[in-house]
Amino acid sequence: MEANKHQEHILVVGGGSGMGLAVANRLLEWGATVTIAGRSSERLTLARERLGADTPRLHTVVADVTREDDIERLFASTGDLHHIVWTAADVGGVYVPLDDMDISTARRVVDSKVIAPVMLAKHGAPRLIPGGSITLTSGIAAYRPAPKGSVVAAINGALESLVYALAVELAPLRVNAVSPGWVDTPIWESVAGAGKTAALEAMAKRLLVQRIGQPDDIAQAIEAVMRNTFMTGTVVHVDGGQRLV
Ligand SMILES: NC(=O)c1ccc[n+]([C@@H]2O[C@H](COP(=O)([O-])OP(=O)(O)OC[C@H]3O[C@@H](n4cnc5c(N)ncnc54)[C@H](OP(=O)(O)O)[C@@H]3O)[C@@H](O)[C@H]2O)c1
């Protein structure tokens, strides 16, 4: 049975920007209580302003989810949850040729999107009420790796395999992933810098839908996956057809 929307509490890790912010916006509009988490308190304050500064149903928690003690503190502050959504990733500095690869940077990126979700599942699953779910965010790089994108391809592929394994281990809790194509979010500032607009425009011309994704395209899919009680161990692709071009 669907939870009373005014009692539903959903954690969005990475909810301070991009797709996570769009998810938080949808869930708040629906009537849920939402906690958004990220490392930067400034980013979370800006998110709070965009989502409605005075809503008592929005909570923010500063946490670096690559740190297990931060994850424990995060779940201690949320208490029981209906669903967990994860859109966090720290991919800055890793799009480089292998010759120039700084391995400590590569480890930081793997930490942010492979080890951190393992810790999220470890500490988050016990917080989920029966009927709860975890929805993670993987990405097109697992299917269409770009030159200089080896680590990003690896983390997205690993995350999807993690989803299958968690769905089996945590059942009857549900675990899924949404895999975005290229979406216009702040992540592109760290990936392409000043080249962001040109890169996104060039991709838009190639895509079957002839446009780049917007954060709410992904948020819509995450919400659908979260709510569909027959869906688990699944990766949903929302990529404008990018796997086919
Ligand atoms: N945008 C795309 O084109 C695209 C394509 C394919 C896949 N994806 C994937 O989609 C997901 C969402 O990306 P997005 O585009 O929405 O990116 P985004 O706007 O940069 O959002 C990522 C969020 O994660 C948070 N975060 C990063 N590292 C963290 C950490 N260690 N602890 C806590 N929070 C952390 C960031 O906040 P703080 O910096 O404040 O911590 C930020 O709010 C990511 O997994 C990304 O890899 C994106």
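This section reports on the structure supplied with the text. Fair warning: this is a prediction, and the values are worked out from it, not measured in the lab. (Residues numbered from 1 in each chain as written. Predicted model: local features only at pLDDT ≥ 70, side-chain atom pairs only at ≥ 80, totals over all residues. Heavy atoms only, no water.)

What follows covers the overall build of the protein chain. Looking only at helices and strands, the protein chain features eight helices and seven strands. Against the 2.2 N^0.38 benchmark of 18 Å for 245 residues, the protein chain shows a C-alpha radius of gyration of 17 Å, consistent with a compact globule. Judged by the C-alpha coordinates and their principal axes, the protein chain covers about 50 × 35 × 30 Å. The buried share among the 245 residues of the protein chain stands at 50%. Contacts in the protein chain between residues at least 24 apart in sequence constitute 73% of all its contacts with a sequence separation of at least 6. Summed over its atoms, the accessible surface of the protein chain is roughly 11500 Å², and 55% of this surface lies on carbon and sulfur atoms. Computed over 23 positive and 26 negative side-chain charges, the inter-centroid distance for the protein chain is 3 Å. (Helix = DSSP H or I, 4+ residues; strand = E, 2+ residues; numbered from the N terminus. Rg over C-alpha atoms; globule rule 2.2 N^0.38 Å. Buried < 20%, exposed > 50% of the residue type's maximum accessible area, 1.4 Å probe, protein only. Contact = heavy atoms within 4.5 Å. Areas by Shrake-Rupley, 256 points an atom, 1.4 Å probe, with all protein chains shown as cover. Lys, Arg positive; Asp, Glu negative; His and termini not counted. Charge placed at Lys NZ, Arg CZ, Asp CG, Glu CD.)

Here we come to the site of the ligand. Contacts to the ligand come from 28 residues, most closely from Ser17, Arg39, Lys113, Val183 and Thr185. One nitrogen or oxygen atom from the side chain of Arg39 is found 2.8 Å from an oxygen atom belonging to the ligand. In this structure, Trp188 approaches the ligand through a side-chain N or O atom, which is 2.9 Å from an oxygen atom. Across the complex, the protein chains shield 94% of the 890 Å² of accessible surface that the ligand would expose by itself. For the shell around the ligand, the elements supplying multiple residues, two or more each, are α1 (18-30) and α6 (187-192). Residue classes in the shell around the ligand are distributed as 11 nonpolar, 12 polar and five charged. (Near = heavy atom within 4 Å. Polar contact = N/O pair within 3.5 Å; in protein donor to acceptor, adjacent residues only side chain to side chain. Nonpolar A, V, L, I, M, F, W, Y, C, P; charged D, E, K, R; others polar.)

Moving on to helix α3 (residues 68-78). Taken as a whole, α3 has its buried residues at Asp70, Ile71, Leu74, Phe75 and Thr78. What you see down the axis of α3 is that its buried residues fit within an arc of 130 degrees, all on one side. Along its buried surface, α3 packs onto β1 (9-13), β2 (33-38), β3 (58-62), β4 (81-86) and α4 (103-124). Two residues or fewer after α3 comes Gly79, characterised by a positive phi angle close to 70 degrees. (Arc of directions from axis to C-beta.)

Counting buried positions along β2 yields six of six residues, so the element is predominantly enclosed. The side-chain alternation of β2 yields two buried faces, one formed by Thr33, Thr35 and Ala37 and the other by Val34, Ile36 and Gly38. Relative to β2, β1 runs parallel, the two being bridged by five bridges. Within β2, the residue paired with Val13 across the bridge is Ala37. Of the crossover connections in this fold, the one passing from β1 over α1 to the parallel β2 is right-handed. One ladder, built from five bridges, connects β2 with β3; its direction is parallel. Each bridged residue has a counterpart across the sheet, and for Thr35 the counterpart in β3 is His59. Of the crossover connections in this fold, the one passing from β2 over helix α2 (residues 41-52) to the parallel β3 is right-handed. (Pairing = 2+ DSSP bridges. Right-handed = clockwise from strand over helix to strand, strands pointing away.)

Between α3 and α4, whose axes approach to 10 Å, the crossing angle comes to 40 degrees. The crossing of α3 and α4 is right-handed. Contacts between α3 and α4 involve Glu68, Ile71, Glu72 and Phe75 from the first element and Ala116, Met119, Leu120, Lys122, His123 and Gly124 from the second. Counted by class, the contact of α3 with α4 contains five nonpolar, two polar and three charged residues. (Axes fitted to C-alpha atoms, helices over the stretch in contact; angles between N-to-C directions. Left-handed = near helix turned anticlockwise from the far one by under 90°.)

Within the structure shown, the criterion is met by 14 salt bridges. For Asp70, the salt bridge goes to Arg73, with nearest N and O atoms at 3.5 Å. You can see Asp70 and its partner Arg73 sitting in helix α3, three residues apart, about one turn around the helix. Overall, Arg73 belongs to the partly exposed group, its relative accessible area being 41%. Shared partners join several salt bridges into a network, and the residues in it are Glu8, Arg26, Asp216, Glu223 and Arg227. (Salt bridge = Lys/Arg side-chain N within 4 Å of Asp/Glu carboxyl O.)

The pairing of strands in a sheet happens through backbone hydrogen bonds and is either parallel or antiparallel. Spatial strand order, β3-β2-β1-β4-β5-β6-β7: seven strands in an open sheet with parallel pairing. Whereas interior strands pair on both sides, the edge strands pair on one side only; in this sheet they are β3 and β7 (235-238). Strand after strand, the sheet turns through a mean of 20 degrees between neighbouring axes, direction not considered. Along the sheet face, helix α8 (residues 215-227) touches β1, β4, β5 (128-137), β6 (174-180) and β7 and points at about 165 degrees away from the line of β6.

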